[in-house]
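Observations on the model geometry
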Amino acid sequence: MNPDLRRERDAASFNPELLTYVLDGGISNTRRRREIENQILSDPGFQQPNVNFLSRGERYDAAVKKSAYMVQKLRDFSISDPDEILWFKRLQLSSFVEPAGLNFSMFIPTLVNLGTPAQQEKWLLPSQELQIIGTYAQTELGHGTHLRGLETTATYDPETQEFIINSPTVTSIKWWPGGLGKTSNHAIVLAQLITQGKRYGLHAFIVPIREIGTHKPLPGITIGDIGPKFGYDEMDNGYLKMDNYRIPRENMLMKYAQVKPDGTYVKPVSNKLTYGTMVFIRSFLVSAAAQALSKACTIAIRYSAVRHQSEITPGEPEPQILDFQTQQYKLFPLLATAYAFQFVGAYMKTTYLRVNEDISQGDLSELPELHALTAGLKAFATWTANAAIEACRMACGGHGYSHCSGLPNLYVNFTPSCTFEGENTVMMLQTARYLMKSYEQVRAGKLVGGMVSYLNDLPSQRIQPQQVAGRPTAVDISSPDSLVEAYRLRAASLVEIAAKNLQAEVSHRRSREVAWNLTSVDLVRATEAHCHFVVVKLFAEKLPQIQEKPIQAVLRNLCLLYSLYGISQQAGDFLQGGILTGSQITQVRQRIKELLTVIRPDAVALVDAFDYRDETLGSVLGRYDGNVYENMFEWAKNSPLNKTEVHESFHKYLKPMQSKL
């Protein structure tokens, strides 16, 4: 063990094991997760070469092998619980970097959400065992988040009782689905339903795309890999073109919407039910953001405790770079954010399961807010985590640029989250529509519930700036609950500003669509404020649930740091809204520096509590034992370029040049 890390752990004010139990949702979950991880680590079948030294084709091959082996082992170990499957995969995979990943994350959930019992009986078990390997084909070459613009058609033919799936244009070619290029043999295709000469919008269809056994594309199917990307080298993101391709009527997922044999359309209770899979994935992405960011923080903070550089006092030994206030200011707010997203992710999972159960019982009352919350928080969390991972990489200095740090792979594999399952700006504007609708309901004298209930108090918040000037407000910057109130006021203020600006544009231009575009910057700001309020609120509400006082104390410090840092970054909103005064903003910034000092002794223990095995982190810099430099040297020696003392290129290109000397 590196002596610096040993001292850090000995100096912690709490037992990180107890905090791990909190993050896992209880000691029994921690024990079961570790049991599953140990099963993997003791199995030689899961051992693999360092992917950083493999070509893209080799990485894909290794990933497919691992996917197949994983499914076999899940069966052998009788693991079927969704959480346990996630723990099983977490040790080997990051996010969705798995060729068969969409089979489990999107194909199967869509089948469960939208399929009839008969359809589930036909396709569910084979897909769970990878006899059917499914993907989810929604995005097209020319259209993504704008679902109404998708061009793929599914035209019903009552004479044969078949749907004719067609890609009528180049821009209608399905593009980007993971696993589509080479792995999948089925796809859930989102297409514009046409029956009896009428269009009924997007519906989901199960489309066989490759022949079982030979894996060759079926007649009428043009399919392939879209080529190298920014990251995700293991994933065969693909394209799919369908030329008047016929599938049976029974391949339309008909739990809600239906097409009768004669072509009669039976509409669902709500059109939003068609997008249940996207809601599921968006809710999951908040937890994925927490996981990715917590990994980055673990690497950067452990390395900052090991790395010694420069001087604070001339002539003294080089200190740990974690002792520099600037390094703490870079990393500790990100650590606080990682914890905040952990708790928000757990809330989103619980909320999704609860609302989904209500929907199955016919209660759709909370569906609109669930759509709005998952869209907004997906964007808020992924944008934040994406920037934070890169900040962690740069905080590691030059060594953070090396793949041995684990941070480049972490960044490039997480960054697609900002655009898949809905481009983030569009997601923010979807949530804004819900906020504007809720605001209009309040203005009409109705009460709204859920996370937007703060809008019910709008009249009391319409304080003119001159009334606020010169007098402090009641916000206590040392109280998490008081800071929740400050964020509530900010959200309400920005929602109202956006609503009034929107109405002014509507009155001036007489077109809500044009007005919406001209107010979209305000609308995104309002959504960001709403999401920020939700995160602060959920973090603060977690604190009273913690029984162990040392754990509660350290989490309270993180909650304060997260909340105050957000205020410092958005000080103009709090000043303009009359929520805080200039002197209070000064106090906020001073309190942040004090919290950095308070959190410093616990920083390593806080990342230890995430309980990532070295195999999961995939980082030399973030090793638990802190023995960084010896292992960096060993890692470098494994580079394929070092297999020979003299590379063949010397003899081919350089030696002839030198022979002329």
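Residues numbered from 1 in each chain as written. Predicted model: local features only at pLDDT ≥ 70, side-chain atom pairs only at ≥ 80, totals over all residues. Heavy atoms only, no water.

**Here we look at the overall build of the protein chain**
For the protein chain, the count of helices and strands is 24 helices and 11 strands. For a compact globule of 661 residues, the expected C-alpha radius of gyration is about 26 Å, and the protein chain comes in at 27 Å, within 12% of that figure. Considering only C-alpha atoms, the protein chain reaches an extent of 90 × 80 × 60 Å along its principal axes. Taken across its 661 residues, the protein chain has 54% of its residues classed as buried. By sequence separation, contacts in the protein chain at least 24 residues apart represent 74% of the contacts at least 6 residues apart. (Helix = DSSP H or I, 4+ residues; strand = E, 2+ residues; numbered from the N terminus. Rg over C-alpha atoms; globule rule 2.2 N^0.38 Å. Buried < 20%, exposed > 50% of the residue type's maximum accessible area, 1.4 Å probe, protein only. Contact = heavy atoms within 4.5 Å.)

**A word on helix α7 (residues 117–128)**
Residues spaced three or four apart along an α-helix point in a common direction, a consequence of the helix completing one turn every 3.6 residues. Between its first and last C-alpha, α7 extends 16 Å over 12 residues, near the 16 Å set by a 1.5 Å rise per residue. For α7, the set of buried residues is Gln119, Trp123, Leu124, Pro126 and Ser127. (Expected span 1.5 Å × (residues − 1).)

**Points about the pattern of salt bridges**
One pass over the full model with this rule turns up 34 salt bridges. Here Arg302 makes a salt bridge to Asp608, at a shortest N to O gap of 2.9 Å. Linking Arg302 in helix α8 (residues 276–306) with Asp608 in helix α21 (residues 603–608), this pair joins segments that are 306 residues apart in sequence. Comparing Arg302 with Asp608 shows no difference in burial state: the two are buried. (Salt bridge = Lys/Arg side-chain N within 4 Å of Asp/Glu carboxyl O.)

**Things to note about the sheet that holds strand β4 (residues 174–175)**
Across a sheet, strands are paired by hydrogen bonds formed along the backbone, either parallel or antiparallel in direction. Read across the open sheet, the three strands follow the order β4-β8-β7; overall the sheet is antiparallel. Strand pairing shows two members of the sheet lacking a second neighbour, β4 and β7 (221–225), which therefore form its edges. In the sheet, β7 pairs with strand β8 (residues 238–242) via five bridges, with the strands oriented antiparallel. Residue pairing in the sheet places Asp225 in a bridge with Gly238 of β8. (Pairing = 2+ DSSP bridges.)

**Observations concerning the packing of helix α15 (residues 480–509) against helix α18 (residues 549–569)**
One can describe the packing of α15 onto α18 by two numbers: an axis separation of 10 Å at closest approach and a directional angle of 25 degrees. Accordingly, the angle class assigned to the pair α15 and α18 is roughly parallel. Pair α15 / α18 crosses with left-handed handedness. Seen from α15, the contacting residues are Pro480, Leu483 and Tyr487; seen from α18, they are Arg556, Cys559, Leu560, Tyr562, Ser563, Leu564, Gly566 and Ile567. (Axes fitted to C-alpha atoms, helices over the stretch in contact; angles between N-to-C directions. Parallel < 35°, antiparallel > 145°, perpendicular 65-115°, else oblique. Left-handed = near helix turned anticlockwise from the far one by under 90°.)

**Re helix α20 (residues 582–599)**
A rise of 1.5 Å per residue sets the reference length of α20, with its 18 residues, at 26 Å; its end C-alpha atoms lie 26 Å apart and thus fit the reference within 8%. Buried within α20 we find Gln584, Ile585, Val588, Arg591, Ile592, Leu595, Leu596 and Ile599. Mapping the buried residues of α20 onto a view down its axis gives an arc of 150 degrees, with all of them on the same face. Set apart from the buried face of α20 by more than 90 degrees, the exposed residues are Thr586 and Thr597. Residues of α20 that are buried make contact with α9 (325–360), α18, α19 (571–576) and α21. (Arc of directions from axis to C-beta.)

**Section: the pairing of strand β2 (residues 153–157)**
Burial analysis of β2 places four of its five residues in the buried class, which makes it a mostly covered element. When β2 meets strand β3 (residues 162–166), the two strands line up antiparallel, connected through five bridges. Counterpart to Tyr156 in the pairing with β3 is Phe163. Strand direction decides the pairing type here: β2 and strand β5 (residues 186–195), joined by three bridges, are parallel. Paired with Thr155 across the strands is Ile194, a residue of β5.

**Some thoughts on the packing of aromatic side chains**
For the structure on display, the rule yields 14 aromatic pairs. Judged by centre distance (4.9 Å) and plane angle (45 degrees), the ring pair of Phe53 and Trp635 falls under tilted. With Phe53 in the loop between α3 (27–41) and α4 (56–76) and Trp635 in helix α23 (residues 628–637), this pair connects stretches of sequence that are 582 residues apart. Judged by centre distance (6.3 Å) and plane angle (85 degrees), the ring pair of Phe230 and Tyr411 falls under edge-to-face. Placement of Phe230 in the loop between β7 and β8 and of Tyr411 in helix α11 (residues 407–414) is noted, with a sequence separation of 181 residues between them. Phe230 gets classed as exposed once you look at its relative accessible area, which sits at 60%. Taken together, the ring pairs connect Tyr156, Phe163 and Phe205 into an aromatic cluster. A cation sits over an aromatic face here: Arg9 above Tyr624, 3.7 Å from the ring centre. The ring of Tyr612 is capped by Lys295, whose NZ or CZ atom sits 5.9 Å from the centre of that ring. (Phe/Tyr/Trp six-rings, centres within 6.5 Å; stacked < 30°, edge-to-face > 60°. Lys NZ or Arg CZ within 6 Å of the ring centre and 35° of its normal.)

**Let's talk about unusual backbone geometry**
The backbone phi angle of Gln196 is positive, close to 55 degrees, even though this residue is not glycine. The residue Gln196 is located in the loop between β5 and β6 (198–208) in this model. Despite not being glycine, Ser310 shows a phi value in the positive range, around 65 degrees. Mapped onto the fold, Ser310 is located in the loop between α8 and α9.

**Considering the nonpolar core**
Membership of the largest hydrophobic core comes to 130 residues, with the highest contact counts inside it found for Tyr339 and Leu555. Here this core gets 13 residues from one element, more than from any other, and that element is α8. In this structure, Leu555 is in contact with Leu19, Tyr339, Phe343, Phe539, Leu543 and Ile546, ignoring residues within four places of it in sequence. Formed by 25 residues, the second largest nonpolar core is a distinct cluster that contains Met235, Met278, Ile281 and Leu285. (Core = buried A, V, L, I, M, F, W, Y, C linked by side-chain atoms within 4.5 Å.)

**As for the packing of α8 against α9**
One can describe the packing of α8 onto α9 by two numbers: an axis separation of 8 Å at closest approach and a directional angle of 150 degrees. Considering their axes alone, α8 and α9 lie roughly antiparallel with respect to each other. Handedness of the crossing formed by α8 with α9: left-handed. Its residues placed into classes, the contact of α8 with α9 shows 18 nonpolar, nine polar and no charged. (Nonpolar A, V, L, I, M, F, W, Y, C, P; charged D, E, K, R; others polar.)

Function cannot be inferred from these measures alone, as they are strictly geometric.
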